[in-house]
Amino acid sequence: QLSNLSLGLKDLITLQAKGKYVHKKETPDIQLSIDIPKTHIEPVFQHFIVEPFKTQKPFLPSLELGGAFSANVALTSNELGRRVMGHYLWHEGELVSKENGFSFKGIDLDLPLWYQTHKPKAGANDLIGQLSIQSMALPLLPEQSLKIPLNAGPNRLSVRSPTVLKADAGEIRWGPLTGSSLYSSRPTLETSLTLSAVELGPFLSEIWSRSIQGTLNGTLTPILYAGNTFSSKGKLNMRAFGGDLVFSDVGASGLFTSTPLFKLNAQVNDLHLDLLTRDTSFGRIEGILNGRILDLEIAHRQPQKFDLLLETVKKKGVSQRISIMAVDNIARIGGGQSPFMGFAGVITSFFKEFPYKKIGVHATLDNDIFKIRGTIKEDGTEFIVKRGGLSGVNVINQNPDNRIRFQDMVKRVKRITADKGGPVIE
């Protein structure tokens, strides 16, 4: 019999236990009640989490934790198996990462946990808990509070109702969520995500130099996590630039490592090139753009693999015209010379833009090798831009087998878009 047993690590944590231990040759019979009184969380976090795992999980040192934690747990072990049931509590907590731009303040968590090695009895009631956050600040979302009910069953934790997050406009609905096999080597999570008229302006302002109007709608369900890999089914529809970008097969791997990898496919429908290129240093293009991108992989905030196909299509009432600057930049990105060299440059004195019949690009990236091809082929010639009249200009892919390191291509694009002047006329 154990009564008022107390174990402690000086200045870190104290554990109190009572119950019984019956030694048996086959399987000991253990019934213990364990309590951890309120304990400051920061020293425990640093000693048991950050120091042992900071090399394996580089994001850990950037986390700031505050508040106190406590626990009350019942442990049972006998010939039927082992079971641990209880509640872990976080009082007046705080979780902040300045490096990643998020903070959670005023955290009160009652986390129910249930570990069991044998089959549970039929009709066993779940353990009930709750997560409450007074102030939650996430990138690109307004500051808000949060309250989530929690249910725990044998080796399972769930949120049975959706959690609604407010955006500047629209709504983000996450869940329900179910976590299974939580104490095994391969825990799994299943949830869903629904976006309703979420305004894209705040998101696109991070990557786009001018104000963009657009919305994001759609549902990803189910979203599955297993083996440190996320996968999803469903589609998200981004309405912007007068058209649609439809994202599917959204997934990620290695999320909790230093090199997470994000994956998706996308379909481009009826984008207005005028809205896309207006007031950019690339040059103005008018027309409608369709296409797709397959097997896009992004690591370290840059692509490492994709298969991109983009083509313009005729649409009644929409002109197809391209500026001199855009023609010149397309040719230079494709690895060719400016089409306005020599005598051809004389025409730029009379024209600022030209009609075109079609623009078509097929680009791939794999193993840091970038290749770009034209999709328009006539009489053995491969065109990236096919002129639309006598005054138009063709952009011919003069080296269809061209290959270039992707970083060199990025440098080339930066040089081109940084030059706000027109083409040099010789």
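In this convention, every chain numbers its residues from 1, walking through the sequence in written order. The model is predicted, so local features are restricted to residues of pLDDT at least 70 and side-chain atom pairs to those at 80 or more, both for listing and for counting; the totals for chains, interfaces and linings are taken over all residues. The basis for every side-chain value is the complete set of heavy atoms in the structure, and neither hydrogens nor water enter the calculation.

S.K.: Got a minute to help me understand the overall build of the protein chain in this structure?
M.R.: Per the secondary structure count, the protein chain includes five helices and 27 strands. Judged by the C-alpha coordinates and their principal axes, the protein chain covers about 100 × 40 × 40 Å. The buried share among the 426 residues of the protein chain stands at 38%. In the protein chain, of all internal contacts separated by at least 6 residues, the share reaching a separation of at least 24 is 51%. For the area figures, the Shrake-Rupley method with a 1.4 Å probe applies, and any residue is considered shielded solely by the protein chains shown. Summed over all atoms, the accessible surface of the protein chain reaches about 24,200 Å², with 55% contributed by carbon and sulfur. Counted as positive: Lys and Arg. Counted as negative: Asp and Glu, with His and the chain ends omitted from the count. The location of each charge is read from NZ of Lys, CZ of Arg, CG of Asp or CD of Glu. Mean positive and mean negative side-chain charge positions of the protein chain (50 and 41 charges, respectively) differ by 3 Å. Numbered from the N terminus, helices here are DSSP runs of H or I no shorter than four residues, and strands are runs of E no shorter than two. For the exposure calls, accessible area comes from a 1.4 Å probe over protein chains only, and a residue counts as buried if that area is under 20% of its type's maximum, exposed if over 50%, partly exposed in between. It only takes one pair of heavy atoms within 4.5 Å for two residues to be counted as in contact.

S.K.: Just checking my understanding: could you explain the nonpolar core for this structure?
M.R.: Nonpolar side chains tend toward joint burial in soluble globular proteins. Only buried residues count toward a nonpolar core. Its members are Ala, Val, Leu, Ile, Met, Phe, Trp, Tyr and Cys residues joined through side-chain atoms within 4.5 Å. Counting residues in hydrophobic clusters, the biggest one holds 73 residues, and the most contacted among them are Ile 285, Phe 306, Ile 322 and Phe 370. If we skip the residues at most four places from it in the chain, Phe 306 touches Ile 293, Leu 294, Asp 295, Leu 296, Ala 363, Thr 364, Leu 365, Phe 370 and Phe 406. Counting residues in hydrophobic clusters, the runner-up holds five residues, among them Met 85, Trp 114, Leu 127 and Leu 157.

S.K.: Would you mind showing me how to read unusual backbone geometry here?
M.R.: A negative phi holds for most residues other than glycine; trans holds for most peptide bonds. In this chain, Gly 175 is followed by Pro 176 through a cis amide linkage whose omega measures 0 degrees. Residue placement: Pro 176 occurs in the loop between strand E11 (171–174) and strand E12 (177–180). The peptide bond linking Thr 221 to Pro 222 adopts the cis configuration, its omega dihedral lying at -5 degrees. Here Pro 222 shows up in strand E14 (residues 214–226). Positive phi, normally seen in glycine, also occurs at Ala 197, with a value near 50 degrees. Within the secondary structure, Ala 197 sits in strand E13 (residues 188–199). Residue Ala 197 is classed as partly exposed on the basis of its relative accessible area of 39%. Positive phi outside glycine occurs at Asn 367, with the angle close to 55 degrees. Relative to the helices and strands, Asn 367 resides in the loop between strand E22 (353–366) and strand E23 (369–374).

S.K.: Is there a simple way to think about the pairing of strand E20 (residues 302–313) in this case?
M.R.: Regular strands show a simple pattern: their side chains alternate between the two faces of the sheet. Strands are treated as partners if at least two bridges between them are detected by DSSP. Examined bridge by bridge, strand E19 (residues 288–299) and E20 share 10 bridges and lie antiparallel to one another. Bridge pairing in E20 links Asn 290 to Glu 311. Remark: two residues form the turn of the hairpin made by E19 and E20, two consecutive strands paired antiparallel; His 300 in that turn has positive phi of roughly 55 degrees. Pairing of E20 with E22, which is carried by six bridges, proceeds in the antiparallel orientation. Each bridged residue has a counterpart across the sheet, and for Leu 308 the counterpart in E22 is Ala 363.

S.K.: What should I look at first to understand the pairing of E14 in this one?
M.R.: Of the pairings in the sheet, the one linking E13 to E14 comprises nine bridges and is antiparallel in character. Across the sheet, Leu 189 pairs through a bridge with Tyr 225, a residue of E14. As judged from the 11 bridges shared by E14 and strand E15 (residues 229–240), these two strands associate in the antiparallel manner. Opposite Thr 215, over in E15, you have Arg 239 as the bridge partner.

S.K.: Help me understand the packing of aromatic side chains, please; the structure alone is not making it clear to me.
M.R.: Here the distance between the centres and the angle between the planes together describe a pair of aromatic rings. A pair of Phe, Tyr and Trp rings is counted when the ring centres sit within 6.5 Å of each other, with Trp represented by its six-membered ring. The angle between the planes then sorts it: under 30 degrees is stacked, over 60 is edge-to-face, the rest tilted. Tallied over the full model, the rule gives six aromatic pairs. On the basis of an interplanar angle of 50 degrees and a centroid distance of 6.1 Å, the ring pair of Phe 370 and Phe 406 is categorised as tilted. One end of the pair, Phe 370, is in strand E23; the other, Phe 406, is in helix H5 (residues 406–418), and 36 residues separate them in sequence. When the NZ atom of lysine or the CZ atom of arginine is within 6 Å of a ring's centre and also within 35 degrees of its normal, the charge is said to sit over that ring. When the ring centre of Phe 383 is taken as reference, the NZ or CZ atom of Lys 386 above it lies at 5.2 Å.

S.K.: I'm lost on the pattern of salt bridges in this one. Help?
M.R.: When a carboxyl oxygen of Asp or Glu lies within 4 Å of a side-chain nitrogen of Lys or Arg, that pair is called a salt bridge. Enumeration over the complete set of coordinates arrives at 14 salt bridges. The partner of Asp 244 in a salt bridge is Arg 239, with the nearest N and O atoms 2.7 Å apart. One network of salt bridges, with partners in common, ties together Asp 126, Arg 156 and Arg 160.

S.K.: What's the story with the side chain of Gln 144 in this structure? I'm lost.
M.R.: Mapping Gln 144 onto the fold places it in strand E8 (residues 144–153). For the purposes of these results, a polar contact is taken to be a pair of N or O atoms within 3.5 Å, where, inside protein, one atom must be able to donate a hydrogen and its partner to accept one; residues adjacent in sequence count only when each atom of the pair is a side-chain atom. Looking at Gln 144, its side chain comes within polar contact range of the main-chain nitrogen of Lys 166, at 2.8 Å. Beyond its immediate stretch of four places on either side in the chain, Gln 144 contacts Gln 134, Ser 135, Met 136, Val 164, Leu 165 and Lys 166.

S.K.: Would you mind showing me how to read the side chain of Thr 277 here?
M.R.: Within the secondary structure, Thr 277 sits in helix H3 (residues 273–277). From its side chain, Thr 277 meets the backbone nitrogen of Ile 285 in a polar contact 2.9 Å long.

S.K.: Sorry, what's going on with a nonpolar patch on the surface here?
M.R.: A cluster of nonpolar side chains, contributed by Leu 9, Phe 48, Ile 49 and Phe 53, occupies part of the molecular surface with about 320 Å² of accessible area. Considering every element that reaches the nonpolar patch, the biggest residue donor is helix H1 (residues 41–53), with three residues. By relative accessible area, Phe 53 is classed as partly exposed at 37%. The patches described consist of residues with a relative accessible area above 30% and no salt bridge, like charges being joined within 9 Å and nonpolar side chains (Val, Leu, Ile, Met, Phe, Trp, Tyr) within 5 Å.

S.K.: Got a minute to help me understand the confidence of the model for the protein chain in this structure?
M.R.: Note that predicted coordinates carrying low pLDDT should not be read in detail. For the protein chain, the mean per-residue pLDDT works out to 87, and 91% of the residues sit at or above 70. Predictor confidence is given residue by residue as pLDDT, running from a minimum of 0 to a maximum of 100. Between residues 339–350, whose pLDDT stays under 50, and residues either more than four places distant or in other chains, the model counts 25 contacts. Predicted confidence is poor over residues 420–426, with pLDDT under 50, and the contacts of this stretch with residues over four places away or in other chains come to 15 contacts.

S.K.: Can you walk me through helix H4 (residues 324–333) in this structure?
M.R.: Counting buried positions along H4 yields eight of 10 residues, so the element is predominantly enclosed. Where H4 is concerned, the buried positions are Ile 324, Ala 326, Val 327, Asp 328, Asn 329, Ile 330, Ala 331 and Ile 333.

S.K.: I would appreciate a short explanation of H1 in the present structure.
M.R.: Note: α-helices contain 3.6 residues per turn, so residues at a spacing of three or four share the same orientation. Here the expected span of a helix is defined as 1.5 Å times the quantity of residues minus one. With 13 residues, H1 extends 17 Å between its outermost C-alpha atoms, agreeing within 8% with the 18 Å of an ideal straight helix rising 1.5 Å per residue. Burial in H1 covers these residues: Ile 41, Val 44, Phe 45 and Val 50. On its buried side, H1 packs onto strand E3 (29–40), strand E4 (64–78) and strand E5 (81–97).

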